[in-house]
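This is what each chain is made of:
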Amino acid sequence: MTTTLITADQLFRKVDHVVPAVEWATMADDVNAIMRLKAERNAVILAHNYMRPEIFHGISDIVGDSLALAREATTVEADVIVLAGVHFMAETAKLLNPSKTVLIPDLRSGCSLAESITAEDVRELRRQHPGVPVVTYVNTSAAVKAESDICCTSGNAVSVIESLGVPEVIMIPDQYLARNIAAQTGVDMIIWPGACEVHEQFTAAEVRALRDEYPGVTVLAHPECPPEVVAEADFAGSTAQMSDFVASRRASMVALVTECSMSANLAGAHPEVEFIGMCRLCPHMQRITLKGIRTALETGRHEISVDPAIADRARLAVERMLAV
Ligand code: 13P
Ligand code: SF4
């Protein structure tokens, strides 16, 4: 049986309003190699909403927020998953579909939240607060997930917390997400002082200045932003929820208080909306490039493995979240 490969020339129509033709021409060799290698290796590319437009609109098979990528990872039938995102996302995919080869193109693509807490920190929190359930943001290592009762993402944190039906939880490691969710649920939170190095930089004064400069702008913020920033926004939600908001509400001018690539990707999908730049780049997400994805497929690097001693417990915490 012969398979017809989609070429960079054919893919250009998917990226033509976000990637200039001259730039795409410089990427064509890598794009063609990736499309060939995907077919040869029976691989799929799962890409987070923060990936650069050429990855997000160009060569990916599935795109989404952390929750969608976790859900999609459970159903992948291909032999190889290339996770175009950060390390914890690749680890989650491996937990949920352990028989697959999961590759991350750059091992340095970490996350300040994941790095802020260890498994021993969680055990110590449990010793200090016996009987209080531990709700862990997916932006953590598998070792930390293994010490947790249940995971959550920014897209389902409210429903996960409410599903527990308790007055108090230990919510780790993002202090801002915890405070934002506490305000929505009324549940008391024992928090950990972790923060996203990208979202913690936004300030309420910046949002107010933006509104003065662009009257009528609709401001969408990620709940990893400090609560005073979220309070200035019209809507707060996960990257997929912000994306859905733009798709359904027909706002003509939007500012996304989140990682920059998200605005570029949404601008590609919604040319009728004006996106106002109020964004910062995540250095970890930006490590993922076309060249890195090509090398991952060519060499099988870097393969994700999870210590069997923690994998089952970590998987349980993620599966409990998916069941909510
Ligand atoms: P989402 O789950 O909203 O995609 O967020 C992941 C993330 O790392 C945001 O900084
Ligand atoms: Fe982590 Fe923040 Fe980067 Fe998201 S944007 S991966 S939370 S450092």
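What you see is a predicted model; the values in this text were computed from it and never measured.

## What to know about the site of ligand 2
Near ligand 2 the following residues occur: Tyr50, Val86, Cys111, Ser112, Leu113, Asn139, Cys196, Val198, Glu224, Cys282, His284 and Met285. The site holding ligand 2 turns out to be the largest cavity. Looking at side-chain class alone, the shell around ligand 2 contains 8 nonpolar, 3 polar and 1 charged residues.

## Describing the site of ligand 1
Neighbouring ligand 1 are His48, Tyr50, Asp65, Ser66, Asn139, Ser154, His199, His222, Glu224, Ser238 and Thr239. Contacts to ligand 1 include His48, whose side-chain N or O atom sits 2.6 Å from an oxygen atom. Thr239 is positioned with one of its side-chain polar atoms (N or O) 2.6 Å from an oxygen atom of ligand 1. Mapping ligand 1 onto the cavity grids shows that it belongs to the largest cavity. Of the residues in the shell around ligand 1, the class split is 1 nonpolar, 8 polar and 2 charged.

## A closer look at helix H14 (residues 260-269)
Counting buried residues along H14, 7 of its 10 residues qualify, which places the element largely inside the surrounding structure. Cys260, Ser261, Met262, Ser263, Asn265, Leu266 and Gly268 are the residues of H14 that are buried. Where H14 is buried, its residues contact helix H3 (53-59), helix H13 (239-249), strand S11 (253-259), strand S12 (274-276) and strand S13 (279-280). Looking at where H14 begins, the residue whose side-chain oxygen comes 2.9 Å from the main-chain nitrogen of Ser261 is Glu259.

## Remarks on the layout of surface pockets
One number sums up the size of the largest pocket: a volume of about 220 Å³. If you go around the largest pocket, you meet 16 residues; those closest to its centre are Val158, Gln184, Ala236, Gly237 and Gln241. Looking at the lining of the largest pocket, the elements with two or more residues in it are helix H9 (157-164), helix H10 (175-185) and strand S10 (235-236). Considering each element in turn, the lining of the largest pocket owes the most residues, 3 residues, to H10. Along the lines of polarity and charge, the residues of the lining of the largest pocket split into 8 nonpolar, 7 polar and 1 charged.

## Comments concerning empty space enclosed by the protein
Counted by the stated rule, this structure contains 2 cavities of 30 Å³ or more. Quantified by volume, the largest cavity comes out at close to 250 Å³. Along its surface, the largest cavity is lined by 27 residues, and Tyr50, Met89, Asn139, Glu224 and Met285 are the ones closest to its centre. Looking at the lining of the largest cavity residue by residue, the classes come out as 12 nonpolar, 12 polar and 3 charged. As a volume, the second largest cavity reaches approximately 60 Å³. What lines the second largest cavity is Ser66, Leu69, Ala70, Leu83, Phe88, Met89, Thr92, Ala93 and Val138. Every element with two or more residues in the lining of the second largest cavity is listed here: helix H4 (66-73) and helix H5 (87-96). With 4 residues, the single largest contributor to the lining of the second largest cavity is H5.

Conventions adopted
- Residues numbered from 1 in each chain as written.
- Chains lettered and ligands numbered in written order.
- Predicted model: local features only at pLDDT ≥ 70, side-chain atom pairs only at ≥ 80, totals over all residues.
- Heavy atoms only, no water.
- Near = heavy atom within 4 Å.
- 1 Å grid on protein atoms, 1.4 Å probe; cavity = no way out; pocket = protein on both sides within 12 Å on 5 of 7 lines; lining within 4 Å.
- Sits in = over half its atoms within 2 Å of the grid points.
- Nonpolar A, V, L, I, M, F, W, Y, C, P; charged D, E, K, R; others polar.
- Polar contact = N/O pair within 3.5 Å; in protein donor to acceptor, adjacent residues only side chain to side chain.
- Buried < 20%, exposed > 50% of the residue type's maximum accessible area, 1.4 Å probe, protein only.
- Helix = DSSP H or I, 4+ residues; strand = E, 2+ residues; numbered from the N terminus.
- Contact = heavy atoms within 4.5 Å.
- Points joined across faces, edges and corners; volume = space filled by probe spheres on them.

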